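# Observations on chain architecture
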Amino acid sequence: MATNLQPYKFYIFKPDYYSFVTASGVEYFGYFTPYGEYFKKYPAAISSKFYAFNLELANKKLKPKGTDRRIADTVITIVGDFLESKINAVVYVCDNSDGREAVRSRKFLSWFDYYEHPSSKIIQVSNDFQAGGLHIYTCLLVHKKNKHLSEMILAYLDLTKEEDK
Amino acid sequence: MPSTDTKKKTIRSKRSSKVKPMTKVEMFQKMLDDQKIIREAIQNGITFQELKDKYGYKFATV
């Protein structure tokens, strides 16, 4: 692991989720949910390895203030570990419930946009598109050495392709 | 030999039992809805175990 990361100490609550608390006392839960149902037309070796990543505040009343780079470092570490198996791929779909999906997308993409740390092992593909009047922001993260790398990228691009009108 | 009516019924019942694939809009709406339900559940003190056992959500093994 590269030395320039300063992740918060995080705990793994096996088998389901990660948890960490920031310096300002804000607690987050990070977890992955299977996304195979959205890739049904692909072989199980590919579809069953797609997961969504979500990061949630444990308490919605305790919100972070300002920028905390260590949250990004922690997420990079958690997602990086998950992808280290070189078989999984992670899809991030930006929550649009508060109208801040574009900001959320930019922030998430910037987190994985660094060199010389574990995210440099990860390929990031992002695609945003219109669907049913919604603007959906998404991103795919997959390890460069994943043996299904190209199939997974193509499957993701197909999923996030705008439907023909 | 079965009557035509029976044949029609059989075909109709097979068609109706077939699960209609989700459209892209439905897929992304479901992703966002599930995300929201899980978030609100967690923030209201529902455990991951309960989300699995009572509500049928699945999580990757970490």
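This structure is a prediction, so every number in the text was calculated from the model and none was measured.

The rules behind the values
- Residues numbered from 1 in each chain as written.
- Chains lettered and ligands numbered in written order.
- Predicted model: local features only at pLDDT ≥ 70, side-chain atom pairs only at ≥ 80, totals over all residues.
- Helix = DSSP H or I, 4+ residues; strand = E, 2+ residues; numbered from the N terminus.
- Rg over C-alpha atoms; globule rule 2.2 N^0.38 Å.
- Contact = placed C-beta atoms within 7 Å.
- Buried ≥ 20, exposed ≤ 12 C-beta atoms within 10 Å, placed from the backbone.
- Arc of directions from axis to C-beta.
- Core = buried A, V, L, I, M, F, W, Y, C linked by C-beta atoms within 7 Å.
- Pairing = 2+ DSSP bridges.
- Axes fitted to C-alpha atoms, helices over the stretch in contact; angles between N-to-C directions.
- pLDDT = per-residue confidence, 0-100.

### Some thoughts on the overall build of chain A
Along chain A, the regular secondary structure elements total four helices and seven strands. Relative to the globule expectation of 15 Å for 165 residues, the C-alpha radius of gyration of chain A, 16 Å, shows essentially globular dimensions. A principal-axis box enclosing the C-alpha atoms of chain A has dimensions of 45 × 35 × 30 Å. For chain A, the proportion of contacts with a sequence separation of at least 24, taken over those separated by at least 6, is 58%.

### Digging into helix 3 (residues 101–111) of chain A
Because the α-helix completes a turn every 3.6 residues, residues three or four places apart line up on one side. All names here are of chain A. Looking only at helix 3, the buried set comprises Glu101, Ser105 and Phe108. Along the axis of helix 3, the buried positions cluster into a sector of 70 degrees, meaning they face one direction only. With respect to the buried face of helix 3, the exposed residues turned more than 90 degrees away are Val103 and Ser110.

### Some remarks on the interface of chain B and chain A
Of the residues lining the interface, 19 residues belong to chain B; the matching set on chain A comes to 29 residues. Among the elements that line the side of chain B that touches chain A, the one with the most residues is helix 2 (residues 24–43) of chain B, at twelve residues.

### Brief notes about the nonpolar core
One finds Ala52, Val79, Val90, Val91, Tyr92, Val93 and Leu141 of chain A to be the most contacted residues of the largest nonpolar core, which totals 48 residues. Those elements that provide at least two residues to this core are strand 2 (17–21), strand 3 (27–34), strand 4 (50–57), helix 2 (69–83), strand 5 (89–93), strand 7 (134–143) and helix 4 (149–159) of chain A together with helix 2 of chain B. Broken down by element, the residue count for this core peaks at eight residues, all from helix 2 of chain A. Excluding its chain neighbours within four sequence positions, the residues that come into contact with Val93 of chain A are Ala52, Ile136 and Thr138 of chain A together with Phe28, Met31 and Leu32 of chain B.

### Some points on the sheet that holds strand 5 of chain A
Neighbouring strands of a sheet are bound in pairs by backbone hydrogen bonds; such pairs are parallel or else antiparallel. Strand order in the open sheet formed by seven strands is 1-2-3-4-5-7-6 (chain A), with mixed pairing between adjacent strands. With partners counted over all chains shown, the strands left at the sheet margins are strand 1 (10–13) and strand 6 (122–131) of chain A, one partner each. Adjacent strand axes in the sheet meet at a mean angle of 25 degrees when their direction is disregarded. Each of strand 5, strand 6 and strand 7 of chain A is contacted by helix 3 of chain A, which is oriented at about 15 degrees to strand 7 of chain A, the strand it contacts most. Those strands touched by helix 2 of chain B are strand 3, strand 4, strand 5, strand 6 and strand 7 of chain A, and its axis lies near 40 degrees from that of strand 4 of chain A.

### Side note on the confidence of the model for chain B
All names here are of chain B. Taken as a whole, chain B shows an average pLDDT of 81; of its residues, 73% reach a score of 70 or greater. At the low end of the mean pLDDT range in chain B sits helix 1 (residues 4–17), at 52; at the high end sits helix 3 (residues 48–53), at 96. Two numbers describe this predicted complex: its pTM, 0.86, and its ipTM, 0.87.

### Concerning the pairing of strand 7 of chain A
All names here are of chain A. Among the ten residues that make up strand 7, eight are buried, leaving the element largely enclosed by the rest of the structure. Looking at chain direction, strand 5 and strand 7 are connected through five bridges and run antiparallel. Within strand 7, the residue paired with Val91 across the bridge is Leu140. Of the pairings in the sheet, the one linking strand 6 to strand 7 comprises ten bridges and is antiparallel in character.

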